[in-house]
Amino acid sequence: MPRFGQGEGAESAAADAAVKPSEGGRGSDRDRGDRCGRGGAWGWASGNLAFLLFSLVALTMPLYLTNSYYLSILAFFAIRLMPTIGLNLLLGQAGQISLGHAAFIGLGAYGSALLTTRWGLDPWPAMFLAALLSALVAVVIGVPALRLKGHYLAMATLGFGEIVLILLIQLKGLTGGTDGVVGIPPLELGGWSLTDPRLFHVVVWSAALIMLRMALNLPRTRTGRALIALHRTEIAASSLGIDVAFHKLQVFVVSAVFASIAGSFLAHYVMFISPEGFGVTLSVLLVAGAVIGGLAGVWGAVWGAGLMVLLPEVLARYNEDYTLLAFGLLVIVVMIFLPEGLAGAPAKLRALRRTPPYTVASRTQAEPVEERGSECRS
Amino acid sequence: MSLQEFLQFVFAGITSGSVYALTALGFTLIYNATGIINFAQGEFVMLGGLAAVSLHSGGAPLALAAIGAVAVVTVVGLLFELLAIRPLLNASILAQIIVTVGASLALRTAAMLVWGREAVALPAFTERAPLSVFGATVVAQTLWVLGVTALIVIALQVFYRRTMLGKAVRACAVNPMAARLLGIPYGRVVLLTFGASAAVAAAGGVLITPISFMSYSSGALIGLKGFAAAILGGLGSPAGAVAGGLTLGLLESLSVGLLPWSGTSGYKDAIAFLILLLVLFARPQGLLGQRSAQKV
């Protein structure tokens, strides 16, 4: 570690330790509320500055990056970022898991593909209608599923994802089966076809940045605070008059729409889709990415999506299959050693320098074993 | 549909149902001891089948290959508990789900790197002509599947009811804290449970591989169906797991035969998941389970 700025680092580490007593403890989602809800003028301004800088860099990339291969990687970064933001909100802020979000990406992709190739709609309205359909499906599946907790919700969403995948493969007359859909038209904007990678880059990143901004704003809204409250304890939250079921459904639908829009962008970008890409593996990969990036704040989604796009590029040199292995192992390591994910790594490093890694207090601060059956239903 | 066809579907259903039952038993063992649902359970089934194929093609006699495969997967299960589960035993449910999901991704991909993408099969345990029951054929392997499944279920019952260690495991299921206060080594019980669960799952994998092909990706589907079976019978009840497994197998097999719209067997898997969703949404305590009192 470089020595500069040590005074400031120590101070902020101390401040962090004061705000988050269980830092380093296993109760990874205990202190999440403080992290997300910690508003304050400084927190708000620095968050805003980071967003502005990130947007500026992301949107101006095509000016100094002309290699179309790198641009395509960045486009996939944006497309992966959208569902990861949704999962980050769902997992991190509402504490609900979904192992079926690839289905919503699939619905968006197939919705866009079929509406444009079969019914001759323009890409933008097709994207909108596909998102609407995904929202509808999310409501239908979310109302019963979100009443379930923990493992049950995970299994229900997993089953939902499998069913959608089977339908995409089996409804051959509609979806083309395993052959997929070819000849999907590219997006257009004001007469300009977005086949130009630089133009597509700006549009897809604009969409991703809007989603990022919305997600960053969430903790400061009434819904965001409600989510943080119900994440900590649903019973207390509902006793305070928070409509737990409604807010959970809200964030589930939003995350489904983000995923659907990502699917639409994907379909119009690669112009060909087939069902096998939208299976459980993608759902699991997205959750892994969101977790590895870090669930304590929305920026974790950026780290996670970045890793999801970059790691295959690095590992493809050896064998592309190593990527999934790496993600599976990484997510275990992160859960055990770095519950705040990559986004929390710098703060963790600072804290490591100042204080012993595990104090006696944090070691014994394990949460009590949950009562059986209490996770079944609220 | 003739009686012969009907019986044929029933035998097919019981056979695959037995494997779902063993997978569901694996879920139940771990859930009872730790409250964790192991999302990597199906991968243990897959690893059992693939390991047996490798050992057999490496020259080991079939019986030795089967036992060896179960032993290998048991070791994997023990390592999984020590490395991934133990540090998170007291963590939130979300963290435990994510870790076992991550492990399933890692195990599946590792299996693909080791065994490739090809689906493989074992030879049948015994070479004999299929039996004929009212015109429906029953291959010898079906009898093996049923027999070994029954044996495992009985052995588990004896272990849990009659032995001191089994009673200790059940005590941990009721209340880990109280069990620890009575001097039961909770950590070792959890370790034992993961080993046993992996062994049961691997046995299921070895049994089914001569009938249906096994590949690195088979585990996810079997795992999800095993969970559906466990849920159907009421999560946490070993008897329910077996009943749920057989019921699911029968429903799946008969719906392929009976329902007109599912003429293509491509929808067969969807039926299991539809049942899973229906049970989860309408009766999450399972068909046999009691509605537990709500704790606030």
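Residues numbered from 1 in each chain as written. Chains lettered and ligands numbered in written order. Predicted model: local features only at pLDDT ≥ 70, side-chain atom pairs only at ≥ 80, totals over all residues.

**Observations regarding the overall build of chain A**
On a plain count of helices and strands, chain A comes out with 17 helices and 4 strands. Relative to its 378 residues, chain A shows a buried fraction of 48%. For chain A, the proportion of contacts with a sequence separation of at least 24, taken over those separated by at least 6, is 77%. (Helix = DSSP H or I, 4+ residues; strand = E, 2+ residues; numbered from the N terminus. Buried ≥ 20, exposed ≤ 12 C-beta atoms within 10 Å, placed from the backbone. Contact = placed C-beta atoms within 7 Å.)

**So, the confidence of the model for chain B**
Mean pLDDT over chain B works out to 85, with 94% of the residues at or above the 70 mark. We note a pTM of 0.83 for the whole complex and an ipTM of 0.85 for its interfaces. (pLDDT = per-residue confidence, 0-100.)

**Some remarks on the interface of chain B and chain A**
Contacts between the two partners involve 44 residues from chain B, matched on the other side by 49 residues from chain A. Among the elements of the structure, helix 4 (93–115), helix 7 (176–181), helix 9 (218–233) and helix 11 (268–282) of chain B are those that each provide at least two residues to the side of chain B that touches chain A. Here the side of chain B that touches chain A gets 15 residues from one element, more than from any other, and that element is helix 4 of chain B. Tallied by class, the residues present in the side of chain B that touches chain A amount to 33 nonpolar, 9 polar and 2 charged. (Nonpolar A, V, L, I, M, F, W, Y, C, P; charged D, E, K, R; others polar.)

**Some thoughts on the packing of helix 2 (residues 41–57) of chain B against helix 3 (residues 62–85) of chain B**
Residue and element names in this part refer to chain B. One way to put it is that helix 2 packs onto helix 3 with a least axis distance of 8 Å and a crossing angle of 140°. With respect to each other, helix 2 and helix 3 are oriented oblique. Handedness of the helix 2/helix 3 crossing: right-handed. Here F44, L47, G48, A51, A52, L55 and H56 of helix 2 come into contact with helix 3, specifically with L62, A65, A66, G68, A69, V70, V72, V73, V76 and G77. Split by residue class, the contact of helix 2 with helix 3 holds 13 nonpolar, 4 polar and no charged. (Axes fitted to C-alpha atoms, helices over the stretch in contact; angles between N-to-C directions. Parallel < 35°, antiparallel > 145°, perpendicular 65-115°, else oblique. Left-handed = near helix turned anticlockwise from the far one by under 90°.)

**Points about helix 1 (residues 3–34) of chain B**
Over its 32 residues, helix 1 of chain B extends 45 Å from the first C-alpha to the last, a length consistent with the 46 Å expected when each residue adds 1.5 Å. Note on helix 1 of chain B: the residue one or two positions beyond its end, G35(B), has a positive phi of about 75°. (Expected span 1.5 Å × (residues − 1).)

**Considering helix 13 (residues 280–293) of chain A**
Residue and element names in this part refer to chain A. End to end, helix 13 covers 20 Å across 14 residues, agreeing with the expected 20 Å (1.5 Å per residue, within 8%). Within helix 13, 13 of the 14 residues are buried, which leaves the element mostly enclosed by the surrounding structure. G294 occupies a position one or two residues after helix 13 and carries a positive phi of about 120°.

**Some words on the packing of helix 13 of chain A against helix 14 (residues 299–315) of chain A**
All names here are of chain A. Their axes nearest at 7 Å, the elements helix 13 and helix 14 cross at an angle of 125°. When the axes of helix 13 and helix 14 are compared, the pair comes out oblique. The handedness of the crossing between helix 13 and helix 14 is right-handed. Contacts between helix 13 and helix 14 involve L285, G289, A290, I292 and G293 from the former and G300, A301, V302, W303, G304, A305, L307 and M308 from the latter. By residue class, the composition of the contact of helix 13 with helix 14 is 9 nonpolar, 4 polar and no charged.

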